[in-house]
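Spelled out from the first residue to the last, the chains are:
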Amino acid sequence: TILDDNHSKLQGKFNGVYYLDTGLLFSIMGIDGVEYKQAFIDFISLLKTQGAQLCVFSHTYKEFVEILENSMVWIENKSFDLHKASRTLLYFLEQEKTSSDVELFIAKIDQRLRELKIAIVETPSGLTQGQEFLVNEDGIYGSIVKVYSENNRFFDKDDKDHTIKQDVKSICATYRLRQGRKPRNLKDVECIFITTNPSLARAAKQFEIEENGGGKGFIPTVLTDIFVGTIVWLNTPVAVMKVNEKRLIANCYAALQPSKDMIRMLVEKAEKMNDEGEIRDEDVALLKISRVARNILQKNTLGDLERFDNVNISAIVRQTRLDIRNEERESFENDREEALHKVRDAEAKVALAEKERKARV
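Residues numbered from 1 in each chain as written. Predicted model: local features only at pLDDT ≥ 70, side-chain atom pairs only at ≥ 80, totals over all residues. Heavy atoms only, no water.

A closer look at the sheet that holds strand β7 (residues 222-224)
No. 1: Read from one edge to the other, the open sheet built from five strands follows the order β3-β2-β1-β6-β7, with strand pairing classed as parallel. Sheet topology places β3 (118-121) and β7 at the edges, where each strand pairs with a single neighbour. The mean inter-strand angle of the sheet, taken between neighbouring strand axes irrespective of direction, is 35°.
No. 2: Here strand β1 (residues 17-20) pairs with strand β2 (residues 53-57) via three bridges, running parallel. Its bridge partner lying in β2, Y18 is registered against L54.
No. 3: Sheet strands touched by helix α8 (residues 161-178): β1, β2, β6 (191-195) and β7. Its angle to β6, the strand with the most contacts, is close to 160°.
No. 4: Contacts from helix α10 (residues 225-235) reach β6 and β7, with the element oriented near 75° to β7. (Pairing = 2+ DSSP bridges. Helix = DSSP H or I, 4+ residues; strand = E, 2+ residues; numbered from the N terminus. Axes fitted to C-alpha atoms, helices over the stretch in contact; angles between N-to-C directions. Contact = heavy atoms within 4.5 Å.)

Rendered as structure tokens:
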């Protein structure tokens, strides 16, 4: 935004249809935390005030629900592989939810989307208004795999195959809805797929440029929420400040959490110690699911993987149990104080009523 002064093509109302990926659904539904939830709800509300129509492809919605349903299988089984666990499973475990709680959560999704005016629409096939728009799905798939491999040395194509295919389906659906048009101005955009995954957006853009023979200057089919937020900011700088403040807080909190590599090392070491009889099964389960344990790990390592070798796993277990007990004690005291306050209020009301009765007599 600072370096490119050619903003004219990004000015205007968001009159098109904006399709949300599963990442935005996770945030909107609170699975990424309270901070992200409110920030993204404000973000989509701002988009709607700018004229955007918000939708979710039926296959995206189905994928989101399936992820939630899959977490029900593991919700009461602590023998899962932490570094392969979905953020959904970790969220429900941290919230100490049961399978019934997850089932109720799923049942409320449709109602929540209706409240936010986010429509679920059928994913278009290759045939649109009598004309077939062919898309090189293998090319998109290959572009995504290439970018993911460059960005993550632990990337496993087989493990992410289903997710990538779902993303390919979303990108292809948006291409078909555009019917071959390459809008160069925001006001001409009829549809865009918004993702929270910058690698996916980059892969889609690289593929689109290659398909156009290196041509640039058009509004890409896939944009990140950050980029769309920047466009909103160019048009309504005052309104977007509130959203950005909440997102900044959420991002800062996320940055204070251990990385996936750090968690992987923690689990591997804990399981090794468990095999050698140094810690118990319940200790391993605690290290896997406890938010408190991850906070202690991050504090001890400052996020530096090279500091991990000096971490005392047994000490983390002890400190985690102590902190959890302290949190439970504090919660109990707060509940106790609240209950006493209600009792005092009730006694005061009874005393006042008795005083008024005697005065009438």
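Notes on the pairing of β6
No. 1: Counting buried residues in β6 gives five out of five residues, a clear majority hidden from the surface.
No. 2: Going residue by residue along β6, you find C191, F193 and T195 tucked away on one face and I192 and I194 tucked away on the opposite face as well. (Buried < 20%, exposed > 50% of the residue type's maximum accessible area, 1.4 Å probe, protein only.)

Section: α8
No. 1: The terminal C-alpha atoms of α8 lie 26 Å apart, and with 18 residues this matches the ideal 26 Å at 1.5 Å per residue to within 8%.
No. 2: Those residues of α8 not exposed but buried are I164, Q166, D167, V168, S170, I171, C172, A173, T174, Y175, R176 and R178.
No. 3: Directly after α8, the chain includes Q179, whose backbone phi takes a positive value near 55°. (Expected span 1.5 Å × (residues − 1).)

Brief notes about the nonpolar core
No. 1: Counting residues in hydrophobic clusters, the biggest one holds 45 residues, and the most contacted among them are F14, I28, L47, I109 and I118.
No. 2: When residues of this core are assigned to their parent elements, the largest contribution, seven residues, is made by helix α2 (residues 34-49).
No. 3: Not counting chain neighbours up to four residues away, the residues in contact with I109 comprise M29, Y61, F64, V65 and L68.
No. 4: In this structure, V168, C191, A203 and F207 belong to the second largest nonpolar core, which totals 26 residues. (Core = buried A, V, L, I, M, F, W, Y, C linked by side-chain atoms within 4.5 Å.)

As for the pattern of salt bridges
No. 1: One pass over the structure, following the stated rule, counts nine salt bridges.
No. 2: Between R280 and D283 there is a salt bridge whose closest N-O contact spans 3.6 Å.
No. 3: Among the residues examined, R280 registers a relative accessible area of 46% and is labelled partly exposed.
No. 4: Overlapping salt bridges, with partners in common, bring together R280, E282, D283 and R321 in one network. (Salt bridge = Lys/Arg side-chain N within 4 Å of Asp/Glu carboxyl O.)

Details of the environment of R87
No. 1: Mapped onto the secondary structure, R87 falls in helix α4 (residues 87-94).
No. 2: For R87, a relative accessible area of 38% gives the class partly exposed.
No. 3: As for R87 and I67, which are separated by 20 residues in sequence, their C-alpha atoms are 9.6 Å apart.
No. 4: With sequence-adjacent residues up to four places away left out, R87 is seen in contact with G23, F26, I31 and D32.

Some details on the packing of aromatic side chains
No. 1: Considering all chains together, one arrives at eight aromatic pairs under this definition.
No. 2: Seen from their ring centres, Y19 and F57 are 4.2 Å apart, and the 5° between their planes marks the pair as stacked. With Y19 in strand β1 and F57 in strand β2, this pair connects stretches of sequence that are 38 residues apart. Each of the two residues, Y19 as well as F57, counts as buried.
No. 3: Following the ring pairs from residue to residue traces out a cluster consisting of Y36, F40 and F43.
No. 4: Above the face of the Y175 ring, K182 is positioned so that its terminal group lies 5.7 Å from the ring centre.
No. 5: Between the NZ or CZ atom of K182 and the centre of the ring of F218, over which it lies, the distance is 5.5 Å. (Phe/Tyr/Trp six-rings, centres within 6.5 Å; stacked < 30°, edge-to-face > 60°. Lys NZ or Arg CZ within 6 Å of the ring centre and 35° of its normal.)

Comments concerning the packing of helix α7 (residues 137-151) against α8
Axes are the key here: two packed helices are described by the angle between their axes and the distance separating the axes.
No. 1: One way to put it is that α7 packs onto α8 with a least axis distance of 10 Å and a crossing angle of 130°. By the angle between their directions, the pair α7 and α8 is classed as oblique. Considering how the two elements wind past one another, α7 and α8 form a crossing that is right-handed. On the side of α7, the interface is formed by E137, I140, Y141, I144, V145 and Y148, while α8 contributes D161, I164, K165, D167, V168, I171, C172, Y175 and R176.
No. 2: The residue makeup of the contact of α7 with α8, split by class, is 10 nonpolar, no polar and five charged. (Parallel < 35°, antiparallel > 145°, perpendicular 65-115°, else oblique. Left-handed = near helix turned anticlockwise from the far one by under 90°. Nonpolar A, V, L, I, M, F, W, Y, C, P; charged D, E, K, R; others polar.)

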